[in-house]
Amino acid sequence: MKIVDLKSLRRVSAGFLFGTSIILISFAVHFNPSDALPGDPFHSASNFFFFTLFSFLISSVIFIPPLLWKRKKYFFPVFFSSFILQAVLLILFSVFFHRDFYTMVFQLFLIYPLIYFFQYDLFDSGLQESVRARGIVSISTIFFILWFLWLMLMGYAIVTRQEPRWKESIIYNVYSAVLLLILLIQILNLRARMYRRVVVTSGTIRIDDYDFTEYLGKSNLSIIQAFIHNKKKVTCSQLISFIEDQKENNDSNMQINCSECIEQGFKVSLCPKYRSLYNRILYIKKLFESLEIGTIISPENKMNILTLGWKLRFFDDIRVFDKEQ
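I will try to describe carefully the structure that is included in this document. From a predicted model like this one, the values you see are computed outputs, not experimental measurements.

1. Points about the side chain of Ser 82
No. 1: One can find Ser 82 in helix α3 (residues 75–96).
No. 2: Within the structure, Ser 82 has its side chain in polar contact with the backbone oxygen of Ile 62 (distance 2.6 Å).

2. Here we look at unusual backbone geometry
No. 1: Omega for the bond connecting Leu 37 with Pro 38 falls within 30 degrees of zero, at -5°, which places this linkage in the cis form.
No. 2: Assignment of secondary structure puts Pro 38 in the loop between α1 (6–31) and α2 (45–68).
No. 3: For Asp 35, which is not glycine, the phi torsion reads 55° and is therefore positive.
No. 4: Mapping Asp 35 onto the fold places it in the loop between α1 and α2.
No. 5: Of note, Glu 292 is a non-glycine position whose phi angle comes to about 60°, a positive value.
No. 6: Mapped onto the secondary structure, Glu 292 falls in the loop between α10 (272–290) and β4 (294–297).

3. So, the packing of aromatic side chains
No. 1: The tally for this structure, following the rule as stated, stands at 29 aromatic pairs.
No. 2: Considering the side-chain rings of Phe 75 and Phe 79, the 5.6 Å spacing of their centres and the 35° angle between planes classify their relative orientation as tilted. One end of the pair, Phe 75, and the other, Phe 79, are both in helix α3, 4 residues apart, so they sit about a helical turn from each other. The burial state of Phe 75 is the same as that of Phe 79; both residues are buried.

Rules behind the numbers
- Residues numbered from 1 in each chain as written.
- Predicted model: local features only at pLDDT ≥ 70, side-chain atom pairs only at ≥ 80, totals over all residues.
- Heavy atoms only, no water.
- Helix = DSSP H or I, 4+ residues; strand = E, 2+ residues; numbered from the N terminus.
- Polar contact = N/O pair within 3.5 Å; in protein donor to acceptor, adjacent residues only side chain to side chain.
- Phe/Tyr/Trp six-rings, centres within 6.5 Å; stacked < 30°, edge-to-face > 60°.
- Buried < 20%, exposed > 50% of the residue type's maximum accessible area, 1.4 Å probe, protein only.

Nothing here speaks to function; it is geometry throughout.
The structure is reproduced here in structure tokens:
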């Protein structure tokens, strides 16, 4: 038995939600609550019912193809074809039935950006996603502000009764406000994707949805986890202890050995464990810097490396998720 694709189901539901605008307009022009011209174009309840049902289904069906399109290729032809068909349909309704259907023509400029947001993953993913997301968020925020100001102006016209069909306008603007709220949610979701993600789980590390576990290896991943868990500078003995998962008494011996080296003034490069650890840290540092996600900071005075240790610093546009905590 095939499992229902919940993602596709949600997008089909969004198509029907967008088509609901026609239902609202049809009800408004049929019942004419403001009792203003032009009057009811349907003249009978049966005409109203069949027109509303037919137009709702046709409009929803036109919305659905760009919502369900699963390949980047030909998406924009489908997207703009849907927009043009929808606009032509509504203009015909406005000319031959009632001018209030022009309201939905205006709403299309809010609905189709939402459709693009729903299909955002077709175009933007990978290591450079944050750069593209930042530009789209900026444009969408300006678009949101302009729409919000328009609703405020319409609200003022309704309150002051400058709008003759003020009751109908309330219905239309409440629906537009719902769409605007959905747009705000989409903007906030996309804004979170402006930050590149590093996800560390048990034995794995993913950077921007790419699995880098095999490039790092178990020991290097342990070093990264040690840095993340401590959040401050980590010394050589702490890192080795974390990697080898030593017992408590071995940890103390490691600390004593480091202290003896410091007291005797031995060169740290003479310690084989330190050399191995240093090479691993250098590898992690180069990898993180090449991916532009962070770096590892060493003490200014290299002689203090045993006491001060290293610090892992992620760049400002990075968000780290440690699933072990």
